[in-house]
Amino acid sequence: MNDKVNYSHIKGRVMKNAVVKWIFIMATSVALIFLALLIGRVLSQGVGYLSIDFLKNYPAPYIEEAGLFAGIMGSLAMISITAPVSMILGVCTALYLEEYARDNKFTRFIRVNVQNLAGVPSIVFGLLGLTFFVYLFEMGYTLIAGALTMSLLVLPIIVVAAQEAIRSVPSEIREASIGMGATKWQTIWRIVLPAAIPGILTGSILAFSRAIGETAPLIIVGAATAIYSIPDSLFSKYTVMPMQIYSWTARPQEEWQYVAAAGIIVLLIILLCMNAIAVWIRNKFQKRF
Amino acid sequence: MNKWKLLMLVAGLLLTVGVLAACGNAPGDAETDEGENASQGEEGSGEEGDTIEGSVVIDGSSTVLPIMEYLTYEYKQEQTEVETSLSSSGSGGGFKKSTVGEIDLSNASRPISEDEKATAEENDITLHEIELAYDGLSVVVSQENDFVENLTVDQLRQIFLADGSATKWSDLNSEWPEEEIKIFSPGHESGTFDYFNETILEENPMREGENTTLSEDDNTLVTGVKNDPYAIGYFGYAYYYENKDSLKVLGIDNGDGEPVKPNAETIQDGSYTPLSRPLFTYVNVNSLKEKPQVLDFTQFVIENAGAGAEEAGYVALPDEKYQEQLDKINELSEQ
C-alpha cells in the first residue's frame, strides 16, 4: 500500500513528540543524577563511621566516641509534639476555609496569606517563636518552645495541602450525604475526611520532612549543640540531629566531615522510616471515588 | 472506619498528654528562674555529700565550641549528676543571653563590648572574664601561590580596606603578577571578623563586591583559597593547621621589619602580633556564688582548658595564667 505517504504526513508531529519526551526524560534525570551524587558521596564518606556506638553515644570531642543519640531522641521528641499539634490545627483550618467559610474577599485574602506564609524563610518563624513561646509565654529555651515553633513553620504547608485534598473530594458524594439527611459535621467526619486523608498525609509528610531537617529557627529558640541527656519532659533542654551535623561540618579537622556524613545517613534513614509509616497509613485509608 | 477512629483517638491522646504535661510543669517558671532547673535535678537522688547536681547552661561563640565541648564531655565523666547544655549561637548571641542572666557561661572569641557591659549592669549582672586559650588568626594563600611569603600590616590594610589601594597583586609589589586579589573573609557576624576588623582595619569598612567572598563557614573559605593562586583569606589557626598541605600561611610584619608566622610558640609567647587573640568564656558571678555546680564546673574549665585547647587545635595559655585565673575564681566565690 502507500504507507510512505501516511508517515510523511505526520512526520513533523512524530518528531515533536520524540523531542518533548526526551526533554522530560532529561529534566527527570538531572534531578535523579544530583540525588544519586549526593547519596553516593554521603554514603562513601559516612558509612565507615556508622556503628551502633554512633547511634547510642552522646556528643564527644573525640571522633571515635562521638554519637548522635541526643540528636535522634531530641528530633523524635520534637516531631512527636510538632506532628499532632500542626496536623490538628492545620486540618481544622483547612476544613473551616473549604467547608464553612463563605467565598468572599476576606476568605480569599486569608487563603492567599496562608499560601504566602508557606514560603516565608524559616528564620522568621524562629524569631516569632523566640518572641512568643520563649519570652511571652515564658517557656524558655526548651523542647516545647522548639516544637511549637516548628509547628508554626509547617502549619501553612499542611493547611495548603489539606485544602487541596479536601477540595478534590467530589462534591457529588458530599451532596449525596447531605441528601441522605446527614448533617454537615457528619458529612465531614464520615465522608470528606476519610476521602481526603491520603492527600493530607502526603502534604504532611513533606512538611514534617522539612521540620526534621531545619536548624536555623532552632538555633534562635535555643536548641543546644552538645548535651549529655535526652529530653525527659516538655521543659527539657534538647538538641536535634541537624544541629549536631551542622556543628560537625564546621570543624576544621577533615574527619569530622565524615562523622557529619554518617549523621546525614542516619537522618535520611529516619526520614525514610517516617515516610514509610505515613505511606502505610495512607494506603490503609486510600479510597477511590 | 474503625481504623480511622483509632487514628484520631491516638492523635487526640497525644495532644492531651502534651497539654497535661505542659500544665503539670508550671510553664511560668521554666527557664527564667535558673534555680528551678537546679531543683529539678535533685528529684532523682536524695543523697547528699560530694556529688553535685543541677544544670549549667552555656552558649556563645562557635569558635570556642570545640574547647567547651571537650570540657563538658570530660566534666560529665567526673560529675555524672550535673547536666550541662552547650549551644553555639555566636559570641554576640551568647552575650545577648548572658547579659540578661539567662545562661551561666557565655563563650566569646572577642572581649565583651561596652554596650553589652551596659546591658549587664542594667540587669545587675557581673560577667567575669576567663581566658581559655589563644588562637592565631592566620592569613593564608594557596600553596600554588609562589610569590608571597610575608605581608606587613600596612599591606593587609591596602588589600582589605574598601578604600585601600591594592586590587591587584602588582599594586603591592611590582614584581608580583598583575592579577586581581580575591578576598575570602569570615562573615560580619563572626567574632573572627570582629577581631580582624578591630586590629587591622581599625573599624574602617572592608572591601566588598566582585572579588570578595564572605562566609560564616570557615571550611568554605579554606576551599576557596586552596584552589586559587591569587586568593587570600584569614581564619582561625586550627583551620590552617588542618589544611597546611594545601595552604601557605603568611608571616605578618607588625611594622618592625621582622615577619612572624603563627605557630604554637609564637602565638603563646605573643610574638605573633597583632593577630593572636585570646578566646574567652564569661561566667555569671551570681551563678558562681549561688550555684555550686557552676562554681565546680568553672574550676574544672580553668584546670582543663589547656588540654581542651590542644585537643581542639588551639594554643594553651602558660600554666601560671590558668593558676591566676583559678585563684581569682576561688576569691570571687567566697565573697
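So, how was this worked out
- Numbers given to residues run from 1 along each chain, matching the order in which its sequence is written.
- Labels follow written order: the first chain is A, the first ligand is 1, and so on.
- The model is predicted, so local features are restricted to residues of pLDDT at least 70 and side-chain atom pairs to those at 80 or more, both for listing and for counting; the totals for chains, interfaces and linings are taken over all residues.
- Water and hydrogen atoms play no part in the side-chain values, which are based on all heavy atoms of the structure.
- Residue contacts follow a heavy-atom distance rule, with two residues in contact if any of their heavy atoms lie within 4.5 Å.
- Put simply, buried area is how much 1.4 Å-probe accessible surface two parts lose in total, over both of them, once they are put together.
- We count a salt bridge whenever a side-chain nitrogen from Lys or Arg sits within 4 Å of a carboxyl oxygen from Asp or Glu.
- Throughout this description, a polar contact denotes any pair of N or O atoms lying within 3.5 Å of each other; where both atoms belong to protein, one of them has to be capable of donating a hydrogen while the other can accept it, and for residues adjacent in sequence the pair is counted only when both atoms sit in side chains.
- Strands are runs of DSSP state E lasting at least two residues, helices are runs of H or I lasting at least four, and both sets are numbered from the N terminus onward.
- Strands qualify as paired when DSSP identifies two bridges or more between them.
- Where each domain begins and ends is defined by an automated method or by a domain database.
- Residues are grouped as follows: nonpolar covers Ala, Val, Leu, Ile, Met, Phe, Trp, Tyr, Cys and Pro; charged covers Asp, Glu, Lys and Arg; every other residue, Gly included, is treated as polar.
- Pairing of aromatic rings covers Phe, Tyr and Trp, the last through its six-membered ring, and needs centres within 6.5 Å; plane angles under 30 degrees mean stacked, over 60 mean edge-to-face, and all others mean tilted.
- For helices, the fitted axis covers only the stretch in contact; all axes are lines through C-alpha atoms, and the angles between them, taken along N-to-C directions, range from 0 to 180 degrees.
- Angle categories: roughly parallel below 35 degrees, roughly antiparallel above 145, roughly perpendicular from 65 to 115, and oblique for all the rest.
- Two helices cross in a left-handed way if the nearer one is turned anticlockwise from the farther one by less than a right angle. They cross in a right-handed way if the turn is clockwise.
- UniProt positions are given in the numbering used here, feature names are shortened, and annotations may be inferred rather than shown by experiment.
- pLDDT: the predictor's confidence for each residue, scored from 0 to 100.
- For every residue, the accessible area (1.4 Å probe, protein chains only) is compared with the maximum for its type, and the residue is labelled buried under 20%, exposed over 50%, or partly exposed between those bounds.

## Here we look at the interface of chain A and chain B
Consideration 1: Across the boundary between the two partners, chain A contributes 45 residues, which contact 43 residues of chain B.
Consideration 2: When the buried area of chain A at its contact with chain B is split by residue, Tyr228, Phe235 and Pro252 of chain A rank highest and sum to 18% of it.
Consideration 3: At the boundary of chain A with chain B, the tally comes to one salt bridge.
Consideration 4: Two residues, Arg251 of chain A and Glu69 of chain B, come together in a salt bridge whose shortest N-O distance is 3.4 Å.
Consideration 5: Summed over the shared surface of chain A and chain B, the result is 15 residue pairs in polar contact (both at pLDDT 80 or more).
Consideration 6: Listing elements by their share of the side of chain A that touches chain B, those giving two or more residues are α3 (69–100), α8 (184–213), β1 (226–227), α10 (241–249) and α11 (254–285) of chain A.
Consideration 7: Across two bridges, β1 of chain A lies against strand β2 (residues 82–86) of chain B in antiparallel orientation. Bridging from a neighbouring strand, Ala226 of chain A pairs with Leu86 of chain B of β2 of chain B.

## Here's the deal with the sheet that holds β1 of chain A
Hydrogen bonds between backbone groups are what pair the strands of a sheet, and the pairing can be parallel or antiparallel.
Consideration 1: Taken together, six strands build an open sheet; the order of strands is β1(A)-β2(B)-β1(B)-β3(B)-β12(B)-β4(B) and the sheet is mixed. Across the chains shown, the open sheet's two edge strands, defined by having one partner strand only, are β1 of chain A together with β4 (127–136) of chain B.
Consideration 2: Here strand β1 (residues 54–60) of chain B runs beside strand β3 (residues 105–108) of chain B; their pairing, made up of three bridges, is parallel. Note on β3 of chain B: the bridge partner recorded for Ile58 of chain B is Leu105 of chain B.

## A look at the domain arrangement of chain A
Residues and elements named next belong to chain A.
Consideration 1: Here chain A is described as being made up of domain 1 (2–49) and domain 2 (53–288).
Consideration 2: For domain 1 versus domain 2, the distance between C-alpha centres works out to 33 Å.
Consideration 3: Counting residues at the interface gives six residues for domain 1 and ten residues for domain 2.
Consideration 4: Around 700 Å² of area is buried between domain 1 and domain 2 when both sides are counted, 77% of it from carbon and sulfur atoms.
Consideration 5: By the criterion of area lost to domain 2, the three top residues of domain 1 are Val42, Gln45 and Tyr49, representing 78% of everything that side buries.
Consideration 6: Taken together, the connections running from domain 1 to domain 2 amount to zero salt bridges.
Consideration 7: Of the residues assigned to the side of domain 1 that touches domain 2, the class counts are four nonpolar, two polar and no charged.

## Considering the packing of aromatic side chains
Consideration 1: In the structure shown here, the tally under the stated rule is 23 aromatic pairs over all chains.
Consideration 2: Their ring planes at 25° and their centres at 5.5 Å tell us that Trp185 of chain A and Trp189 of chain A sit as a pair that is stacked. With Trp185 of chain A and Trp189 of chain A both in helix α8, this residue pair falls four residues apart, about one helical turn.
Consideration 3: An aromatic cluster is present here, built from Tyr62 and Tyr228 of chain A together with Tyr70 and Tyr73 of chain B joined pairwise through their rings.

## Points about the packing of helix α5 (residues 122–136) of chain A against helix α6 (residues 143–167) of chain A
All names here are of chain A.
Consideration 1: Between α5 and α6, whose axes approach to 9 Å, the crossing angle comes to 135°. When the axes of α5 and α6 are compared, the pair comes out oblique. In the crossing of α5 with α6, the sense of the turn from one axis to the other is right-handed. Along the contact surface, α5 presents Ser122, Phe125, Gly126, Leu128, Gly129, Phe133 and Val134, while α6 presents Ala145, Leu148, Thr149, Leu152, Leu153 and Pro156.
Consideration 2: Taken together, the residues of the contact of α5 with α6 sort by class into nine nonpolar, four polar and no charged.

## Some details on the UniProt feature "transmembrane region" (unreviewed entry) in chain A
Consideration 1: Mapped onto this structure's residue numbering, the UniProt feature "transmembrane region" (unreviewed entry) falls at residues 68–97, 117–137, 143–166, 187–209 and 256–281 of chain A.
Consideration 2: Secondary structure across residues 143–166 of chain A divides into 100% helix and 0% strand, with the first and last C-alpha atoms of the span separated by 32 Å.

## Topic: the confidence of the model for chain B
Regions with low pLDDT should not have their predicted coordinates read in detail.
Consideration 1: Residues at a pLDDT of 70 or more form 85% of chain B, whose mean pLDDT is 84.
Consideration 2: The ipTM assigned to the predicted complex is 0.78, against a pTM of 0.79.

## Section: the environment of Lys321 of chain B
Residue and element names in this part refer to chain B.
Consideration 1: In this structure, Lys321 sits in helix α14 (residues 319–334).
Consideration 2: A relative accessible area of 31% means that Lys321 is categorised as partly exposed.
Consideration 3: For Lys321 and Leu132, which are 189 residues apart along the polypeptide, the C-alpha to C-alpha distance reads 9.6 Å.
Consideration 4: Residues in contact with Lys321, not counting those within four places in the same chain, are Glu131 and Tyr134.

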